[in-house]
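Here is how the chains run, residue by residue.
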Amino acid sequence: MHHRLLFRRYRAAFRLPLVTARGRWREREGLIVRLEDERGRVGWGEAAPIPWFGGESAGEDERACGGLGASLSASAISELPAKFACLKRALSDAVEELESGALVAAPGRESLPVAALLPAGPGAPEAARRRAAEGFACFKWKVGVGDSAGELAILDDLCGELPSCGRLRLDANGAWDRRRAEKWLARCADRPVEYVEQPTAADARGADDLLLGLAGDYPTPIGLDESIAGSESVERWLAAGWKGVYVIKPSLLADPGDSLRKLEAAGASVVFSSALETAVGARSSLRTAFAWKGPPRALGFGVWPLFADPRLDGPTAAPQVRRQDVERLDPDLVWTALS
Ligand code: MG
């Protein structure tokens, strides 16, 4: 293997700031990698780490990539330290695409349902009404952002806007303490809430035991997101017998295929989710979602249009994403936009 390695670090503003329990997120940082060989074949990858998931930063990815030199050797990816999960993934994707001549299309489904992402706060019910009219059946609302009593009051208005078979996902991004989480989970029990994502923090002392305890005490399933910070955490939660949802952001796993094989063997509930990457990383993550053989659940990819520069966006959020929408994404457009 002797591939020419090019990369571009990016800092891309979101069209609107993303408001979560962690504050306002205004721009995405990451790295696009491009491999070329002497026959003119090209492969693409994206490293888009999320700072609060731990692991590498975009700046560290840039330095590590620069240290690999102008051509990528066969052993370079495996020799990168384990913390560079996103960069390993990006380089592996690029090698796979270049060497196979194209992305390998997974057999099976032609389209998958998508969850509509609702804005935090009091605008959620109105947004849900509009999205329901467009045909969405699954909705995700960020909570833990404002006052808890105020958000609980909005919850019933929001549930009232859901279509008859509609389901709501709540994502607290780890904002609640045990008491708040208990109050919400009790309230959710007789409402159309599909699951509550990361009700309590992933990095507090006793975090795993608290999540396991909450999952055992309330009927509404709990989803792990920030608690899944790499393939080791997938294995840890499988070993703990986690019966709730695994929110998988393929972009954050060095080898998502390996983790997904283990999840599939365990019959785990998996929801694929965007890491708010550009179309380059999204193409790879969505391809991973299409390859999943377990029960299909609405994808957490209802995020586009996302960037101030629409050339960076993946497929515009719609109730279904088709495989052809994914295959049509053009990494070269992103590369040009970042030049
Ligand atoms: Mg989440």
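Structure: above.
Source: prediction; values computed, not measured. (Residues numbered from 1 in each chain as written. Predicted model: local features only at pLDDT ≥ 70, side-chain atom pairs only at ≥ 80, totals over all residues. Heavy atoms only, no water.)

Take helix 1 (residues 58–67) next. Every buried residue belonging to helix 1 is among Ala58, Gly59, Asp61, Ala64 and Cys65, and all of these are buried. On its buried face, helix 1 sits against strand 1 (3–20), strand 2 (23–36), strand 3 (42–47) and helix 3 (85–100). Glycine 69 occupies a position one or two residues after helix 1 and carries a positive phi of about 85°. (Buried < 20%, exposed > 50% of the residue type's maximum accessible area, 1.4 Å probe, protein only. Helix = DSSP H or I, 4+ residues; strand = E, 2+ residues; numbered from the N terminus. Contact = heavy atoms within 4.5 Å.)

Right, let's get into the coordination of the magnesium ion. Around the magnesium ion, the donor atoms from the protein are Asp171 (OD), Glu197 (OE) and Asp225 (OD), and they sit 2.1 to 2.2 Å away. Read in sequence order, the donor residues for the magnesium ion give the motif D-x25-E-x27-D. Remark: aspartate 225 occurs in the loop between strand 10 (222–224) and helix 8 (231–239) and glutamate 197 occurs in strand 9 (residues 193–197); sequence separation between them is 28 residues. For the pair glutamate 197 and aspartate 225, a shared accessibility class is recorded, and that class is buried. (Donors = N, O, S within 2.8 Å, 3.2 Å for Na, K, Ca; no water.)

We now examine the sheet that holds strand 1. With respect to topology, four strands assemble into an open sheet ordered 3-2-1-4, the strand pairing being antiparallel. Only two strands of the sheet have a single neighbouring strand rather than two, namely strand 3 and strand 4 (71–72). Sheet topology places strand 2 next to strand 3; six bridges connect them, and they run antiparallel. Paired with isoleucine 32 across the bridge in strand 3 is glutamate 46. Across the sheet, helix 1 touches strand 1, strand 2 and strand 3, and the angle it forms with strand 1 is around 175°. Seen against the sheet, helix 10 (residues 279–291) touches strand 2 and strand 3 and runs at an angle of roughly 95° to strand 3. (Pairing = 2+ DSSP bridges. Axes fitted to C-alpha atoms, helices over the stretch in contact; angles between N-to-C directions.)

Let us look at the environment of glutamine 320. Mapping glutamine 320 onto the fold places it in strand 13 (residues 320–322). Residue glutamine 320 is classed as partly exposed on the basis of its relative accessible area of 42%. A C-alpha to C-alpha distance of 32 Å links glutamine 320 and arginine 41, two positions 279 residues apart in sequence. For glutamine 320, the side chain forms a polar contact with the side chain of serine 111, separated by 3.1 Å. (Polar contact = N/O pair within 3.5 Å; in protein donor to acceptor, adjacent residues only side chain to side chain.)

It is worth spelling out helix 4 (residues 124–134) at this point. Among all positions in helix 4, only Ala124, Pro125, Ala127, Ala128 and Arg131 are buried. End-on view of helix 4: buried residues confined to an arc of 155°, all on one side of the axis. Where helix 4 is buried, its residues contact strand 6 (116–118), strand 7 (138–142) and helix 5 (148–161). Glycine 135 lies just past helix 4 and shows a positive phi near 110°. (Arc of directions from axis to C-beta.)

Let's shift gears to the environment of glycine 314. Position of glycine 314 among the secondary structure elements: in the loop between helix 10 and strand 13. Note on glycine 314: relative accessible area 9%, which makes it buried. In the structure, glycine 314 is positioned 38 residues away from leucine 276 in sequence and 9.6 Å away in space, judged by C-alpha atoms. In this structure, glycine 314 is in contact with Ala279, Trp304 and Leu329, ignoring residues within four places of it in sequence.

So, about the packing of aromatic side chains. Counted under the stated rule, the structure contains eight aromatic pairs. Aromatic side chains tryptophan 44 and tryptophan 335 sit 5.6 Å apart centroid to centroid with 65° between the ring planes, which places their arrangement in the edge-to-face category. Of this pair, tryptophan 44 sits in strand 3 while tryptophan 335 sits in helix 12 (residues 331–337); the two residues are 291 residues apart in sequence, bridging distant segments of the chain. Both residues of the pair, tryptophan 44 and tryptophan 335, count as buried. For the ring pair tryptophan 237 and tryptophan 242, a centre distance of 5.2 Å and an interplane angle of 70° mean the geometry is edge-to-face. Pair check on accessibility: tryptophan 237 and tryptophan 242 agree, each one buried. Through a chain of ring-to-ring contacts, three or more aromatic side chains come together here, namely Phe14, Trp25, Trp52 and Phe307. When the ring centre of tryptophan 335 is taken as reference, the NZ or CZ atom of arginine 8 above it lies at 4.1 Å. Its guanidinium or amino end placed over the ring of phenylalanine 84, lysine 83 lies 5.9 Å from that ring's centre, counting from NZ or CZ. (Phe/Tyr/Trp six-rings, centres within 6.5 Å; stacked < 30°, edge-to-face > 60°. Lys NZ or Arg CZ within 6 Å of the ring centre and 35° of its normal.)

In this section: the packing of helix 8 against helix 9 (residues 256–265). If you want to describe how two helices pack, look at the angle between their axes and the distance between the axes. Where helix 8 contacts helix 9, the axes come no closer than 10 Å and their chain directions differ by 10°. Comparing their axes, helix 9 and helix 8 come out roughly parallel. Here helix 8 contributes Ser231, Val234, Glu235 and Leu238 to the contact with helix 9, which in turn contributes Asp258, Ser259, Lys262 and Leu263. For the contact of helix 8 with helix 9, a count of residues per class yields three nonpolar, two polar and three charged. (Parallel < 35°, antiparallel > 145°, perpendicular 65-115°, else oblique. Nonpolar A, V, L, I, M, F, W, Y, C, P; charged D, E, K, R; others polar.)

Further remarks concern the pairing of strand 12 (residues 269–272). Taken residue by residue, a regular strand's side chains alternate between the two faces of the sheet. By the bridge criterion, four bridges tie strand 11 (residues 245–248) to strand 12 in an arrangement that is parallel. When the bridges of strand 12 are listed, isoleucine 248 appears paired with phenylalanine 272.

Distances and angles like these do not, on their own, reveal function.
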